[in-house]
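Coordinate inspection notes
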Amino acid sequence: MEYTIYLFNSLTRKIEKFTPLEDKLVRMYSCGPTVYNFAHIGNMRSFLFADLLQRVLRVVGKYKVRWVMNITNIDDKTIRDSAIGSPAWLPEMGKQTNDPLKNLLKFTEYYRKAFLADIQLLGINLRDFYKMPKATDYIPQMQDLVRRIVEKGFGYIVNGSVYFDVSKWRQHDIYGKLYHIDFDKFKEGSRIDADSYDKDEFSDFALWKARKEGEPYWEFTLNGVNCDGRPGWHLECSVMEREILGLPFDIHTGGVDLKFPHHEDEIAQSKAGYGVEPTVFWCHNEFLLVEGKKMSKSLGNFYTLRDLISKGIDPLDIRYLMFSAHYATQLNFTFDGLNASRKARLRIQNYIYELFQNQNKQGKNPDAKELEKDVFSALANDLQTPKALASIFDFINENPANDLSQDTAQKLIKFFEKFNKIFNVWEISPRKEEEIQIPQEVEELARLRWQAKQKKDFRTADEIREKIKSLGFQVIDTKEGYKIEPLSK
């Protein structure tokens, strides 16, 4: 069945029908990590949103997707933390040299590899990327864009640094297409050198930064002026987008925190230098809160994926949790929520196992195609994952796997195979019974629980059930009595 994809476009502030610029090929760019530390779970929501979108485009929209995610390996933070004598330098990175550029590349390569390992644990397949370019591989092209902007009168040089002239650009085009900017706070001629800054700061921004002592730099002469130095953060994406995808491309993703200044500056410098805006659709995911608050080390609620894994949390439960809320709503990350996600994910997993076990020739025949239509229609409509999951749980509640006919069970297995190409959190295979070893303690507890239920001592039965769960298993009541299953795959 054909599905039309609809997406909320931050540029127009409305849901629009998505049609690629090139027939069935979607060119998509996602703002990737700045590799100066392990990525935290707030970052991971952005990357998982991009993964969800590209999978829906492939599976539901039946498009080919050329997905690019950049690696920011040069900016204020990577330079700061890779500097000689920096406390952020780890022994695993080897010895520092006297060359700031070599140190930068060695430092960021360590965290780039860590990032790739982390996202694979979260179910993101590296083979789905067309390219993952590093900023330092495109320095000559960045210098070319700076030249173009200055030649067209929208950039100027101060002490070897080059700045984008926002005042002149505003006379030519709109600045503030993605984010409402209070221009009353704008001070003409003022400049911001930092790569990132507060939302209420507003002035000309750095395209290229002059060389500083102890920092990596590239030689650059502009209009006869020595501008040896390095690129500004905003400049990097504009260049890699054009070089790899071409302009304009179809979709640009990122977190809402990147709307300003990063994405706003991308639009301005791409159009000023290349004469065209970078993309047609801007798609932004909302913030991740932790226990109802903004994630902060000072609050003790700052978690990397590795922190959570060390607590015994399955990365697939994190992926499921991220997809259980709509990407454009704030998600409150809690450990109770993670536990609920685990239960929900495993409930579907056990249902899939039961479908494979089905031998019923005379069972019910609910319409599997109707379920697929409900689920994929929800995903096609701006990635409504909560609605898609609700349709699945409604179906499961009304149609126990053992009550279905074998023919319907096979059709549902095919549906889950297709759906899992998007969610990627389940095994679509029979349960590996031979690998399940139930401890004697669990078997004895299950027997005692069954006895308590027979005596209608439901309080004791519930207490024993929770004890069994604490040991990593669950007891499921059946018509014949009960069965014991592991809580995890």
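Residues numbered from 1 in each chain as written. Predicted model: local features only at pLDDT ≥ 70, side-chain atom pairs only at ≥ 80, totals over all residues. Heavy atoms only, no water.

**Section: the nonpolar core**
Put simply, the rule reads: Each nonpolar core is a collection of buried residues, namely Ala, Val, Leu, Ile, Met, Phe, Trp, Tyr and Cys, held together in the definition by side-chain atoms within 4.5 Å. Relative accessibility decides the category of a residue: with a 1.4 Å probe and only protein chains considered, values under 20% of the type maximum give buried, values over 50% give exposed, and everything between is partly exposed. Strands here mean DSSP runs of E at least two residues long; helices mean DSSP runs of H or I at least four residues long; both are numbered from the N terminus. Residue contacts are defined here by distance: any two heavy atoms, one from each residue, within 4.5 Å place the two residues in contact.
By size, the foremost hydrophobic cluster in this structure holds 87 residues, and its most contacted members are Leu 57, Ile 251, Ile 348 and Phe 419. No other element matches helix α1 (residues 41–59), which puts 11 residues into this core. When near neighbours in sequence (up to four residues on either side) are disregarded, Phe 419 contacts Val 375, Phe 376, Leu 379, Leu 389, Ile 392 and Trp 426. Listed in part, the 44 residues of the second largest apolar core include Val 68, Val 162, Tyr 197 and Cys 237.

**Brief notes about the pattern of salt bridges**
Just so we agree on the cut-off: By definition, a salt bridge exists where a carboxyl oxygen of Asp or Glu is found within 4 Å of a side-chain nitrogen of Lys or Arg.
Within this structure, the stated rule accounts for 32 salt bridges. Across the pair Lys 177 and Glu 277 runs a salt bridge whose closest N-O atoms are separated by 2.2 Å. Placement of Lys 177 in the loop between α5 (166–172) and β8 (191–192) and of Glu 277 in the loop between α7 (259–274) and β14 (279–285) is noted, with a sequence separation of 100 residues between them. By the burial criterion, Lys 177 is buried, and Glu 277 matches it. For Arg 465, the salt bridge identified is with Glu 466, shortest N-O distance 3.6 Å. It is possible to trace a salt-bridge network through shared partners that takes in Asp 51, Arg 55, Asp 128 and Arg 319.

**Focus on the layout of surface pockets**
The criterion, for reference: The distinction between a cavity and a pocket rests on a 1 Å grid over the protein atoms alone: a 1.4 Å probe fits inside a cavity but cannot get out, while a pocket stays open yet meets protein on both sides within 12 Å along at least five of seven lines, and a residue with an atom within 4 Å of a point counts as lining. Grid points are joined across faces, edges and corners, and a volume is the space filled by probe spheres set on the points.
For the largest pocket, the calculated volume is near 1,400 Å³. Lining the largest pocket are 42 residues, with Tyr 36, His 40, Asn 43, Lys 77 and Asp 257 sitting closest to its centre. Only α1, α2 (76–82), α6 (233–244), α7 and β15 (288–290) provide two or more residues apiece to the lining of the largest pocket. At 4 residues, the largest contribution of residues to the lining of the largest pocket is made by α1. Of the volumes computed, that of the second largest pocket is approximately 710 Å³. Along its surface, the second largest pocket is lined by 22 residues, and Glu 354, Ile 476, Asp 477, Thr 478 and Lys 483 are the ones closest to its centre.

**Concerning the environment of Arg 58**
Inspection of the secondary structure assignment puts Arg 58 in helix α1. The exposure class assigned to Arg 58 is partly exposed, which follows from its relative accessible area of 27%. For the pair formed by Arg 58 and Leu 25, sequence separation is 33 residues and the distance between their alpha carbons is 9.7 Å. In this view, Arg 58 contacts Tyr 63, Val 65 and Asp 128; residues no more than four positions away in its chain are not counted.

**Let's talk about the environment of Glu 16**
Within the secondary structure, Glu 16 sits in strand β2 (residues 14–17). C-alpha of Glu 16 to C-alpha of Phe 281: the two residues are 265 residues apart in sequence and 9.1 Å apart in space. Contacts of Glu 16, omitting those with residues within four sequence positions, involve Ile 5, Tyr 6, Leu 7, Asn 9 and Phe 281.

**Quick look at the packing of aromatic side chains**
Heads up, the rule is: Aromatic rings from Phe, Tyr and Trp, with only the six-membered ring used for Trp, were paired whenever their centres fell within 6.5 Å, and each pair was classed as stacked if the ring planes differed by under 30 degrees, edge-to-face if by over 60, and tilted otherwise. Counted as over-ring charges are cases with an Arg CZ or a Lys NZ within 6 Å of the ring centre that also lie within 35 degrees of the ring normal.
If you walk through the whole model with that rule in mind, you get 31 aromatic pairs. Aromatic side chains Tyr 29 and Phe 249 sit 6.2 Å apart centroid to centroid with 50° between the ring planes, which places their arrangement in the tilted category. Within this pair, whereas Tyr 29 is found in strand β3 (residues 25–30), its partner Phe 249 is found in strand β13 (residues 249–255), the two being separated by 220 residues in sequence. Assigned by exposure class, Tyr 29 and Phe 249 land together as buried. A centroid spacing of 6.2 Å and a plane angle of 75° characterise the contact between Phe 333 and Phe 335, whose relative ring orientation is edge-to-face. With a relative accessible area of 0%, Phe 333 lands in the buried category. Feature note: the residues Tyr 3, Tyr 320, Phe 323, Tyr 351, Phe 376, Phe 415, Phe 416, Phe 419, Phe 423 and Trp 426 constitute an aromatic cluster, connected by ring pairs. Above the plane of the ring of Tyr 63 lies Lys 24, whose end atom (NZ or CZ) is 4.2 Å from the centre. One Lys or Arg, Arg 191, reaches over the ring of Tyr 163 and ends 5.4 Å from the middle of that ring.

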